[in-house]
Amino acid sequence: MTPIILASGSVYRQQQLQQLQLNVQAQAAAVDESLITGENPENRARRLATAKAEKIKDQHTKAIVIGSDQVCARGDRVFHKPGNRENNIQQLKAFSGQTVIFYTAVCVLDRDYTCYQHVNETRVLFRDLSQAEISRYVDKEQAYDCAGGFKMECLGLSLMTSVTSDDPSALMGLPLIQLCAFLREAGVALP
């Protein structure tokens, strides 16, 4: 059986892949994630997902490798993982009453180096959030390591008015519907 490797150290993506009941290894792919002037968020997500997959594929040439990246943007502004409480509060203040777009890219490199790529766009409309609501959320969930500073699959859902996407799994970090299609193309048996 061909090994499958997730080119990521993300525990959230690893948890998502458990849903597929596949034997998947995870290996973080250290790539330069610096912003490129003029690069739009969708292209940035695609570039980074591909770079991560290529980095791990170079080390495991016989494996199927999955790379993924997520970019959070409001207008032209890209938001990174907040990293700490204060940044998390500032991000959620900026999102209050706004639509924020998450570009979640997946890249699969199969045994023969065939490259499958997709970027999912998820639109999240946040409620008008009070300072007290933001502080309570941040203190309860502490989603400092999540793009956008919230966890939709947990309490973060309470911050939203709506979520629009053709793949509900994408907002958690990996668009599983498209990934399944790519894995089938690469010869992986899925139901």
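The structure under discussion appears in the preceding block.
Chemist: How should I be thinking about the nonpolar core in this particular structure?
Modeler: Nonpolar side chains in soluble globular proteins generally cluster together in the buried interior. One finds Leu-92, Phe-95, Phe-102, Phe-126 and Phe-150 to be the most contacted residues of the largest nonpolar core, which totals 23 residues. Elements supplying a minimum of two residues to this core: helix H3 (85-95), strand S5 (99-109), strand S6 (115-126) and helix H4 (131-141). Among the elements that make up this core, the one with the highest residue count is H3 (four residues). In this view, Phe-102 contacts Gln-70, Val-71, Cys-72, Asn-120, Glu-121, Thr-122, Val-124, Ala-147, Gly-148, Phe-150 and Leu-171; residues no more than four positions away in its chain are not counted. Leu-20, Val-106, Leu-176 and Leu-179 belong to the second largest nonpolar core, which has 19 residues in total.

Chemist: It is not clear to me how the packing of aromatic side chains should be interpreted in this structure. Could you clarify?
Modeler: Think of a pair of aromatic rings as described by two things: how far the centres are apart, and how the planes are tilted against each other in angle. A full pass over the atoms with the stated rule returns five aromatic pairs. With a centroid separation of 4.8 Å and an interplanar angle of 75 degrees, the aromatic rings of Phe-79 and Phe-95 are classed as edge-to-face. Here Phe-79, found in strand S4 (residues 77-79), pairs with Phe-95, found in helix H3; they are 16 residues apart in sequence, far enough to count as distant. Of the two residues, Phe-79 and Phe-95, both sit in the buried class. Seen from their ring centres, Phe-102 and Phe-150 are 5.6 Å apart, and the 85 degrees between their planes marks the pair as edge-to-face. With a gap of 48 residues between them, Phe-102 in strand S5 and Phe-150 in the loop between H4 and strand S7 (160-164) connect regions that are remote in the sequence. The two residues Phe-102 and Phe-150 agree in class, both being buried. Grouping aromatic residues by their ring pairs yields a cluster made of Phe-79, Phe-95, Phe-102, Phe-126 and Phe-150.

What counts and how
- The residue numbering used here restarts from 1 in each chain and proceeds along that chain's sequence as written.
- Reporting in this predicted model follows two pLDDT cut-offs: at least 70 for local features of residues, and 80 or more for side-chain atom pairs to be given and counted; totals over whole chains, interfaces and linings ignore these cut-offs and use all residues.
- Note that the side-chain values use all heavy atoms of the structure and ignore hydrogens as well as water.
- Each nonpolar core is a collection of buried residues, namely Ala, Val, Leu, Ile, Met, Phe, Trp, Tyr and Cys, held together in the definition by side-chain atoms within 4.5 Å.
- Accessible area is worked out with a 1.4 Å probe on protein chains only. A residue is then buried under 20% of its type maximum, exposed over 50%, and partly exposed in between.
- Every helix listed is a DSSP run of H or I at least four residues long, and every strand listed is a run of E at least two residues long, numbered separately from the N terminus.
- Any two residues whose heavy atoms approach within 4.5 Å are treated as being in contact.
- For this analysis, a ring pair means two rings from Phe, Tyr or Trp (six-membered ring only for Trp) whose centres lie within 6.5 Å, classed as stacked if their planes differ by under 30 degrees, edge-to-face if by over 60, and tilted for the remaining angles.

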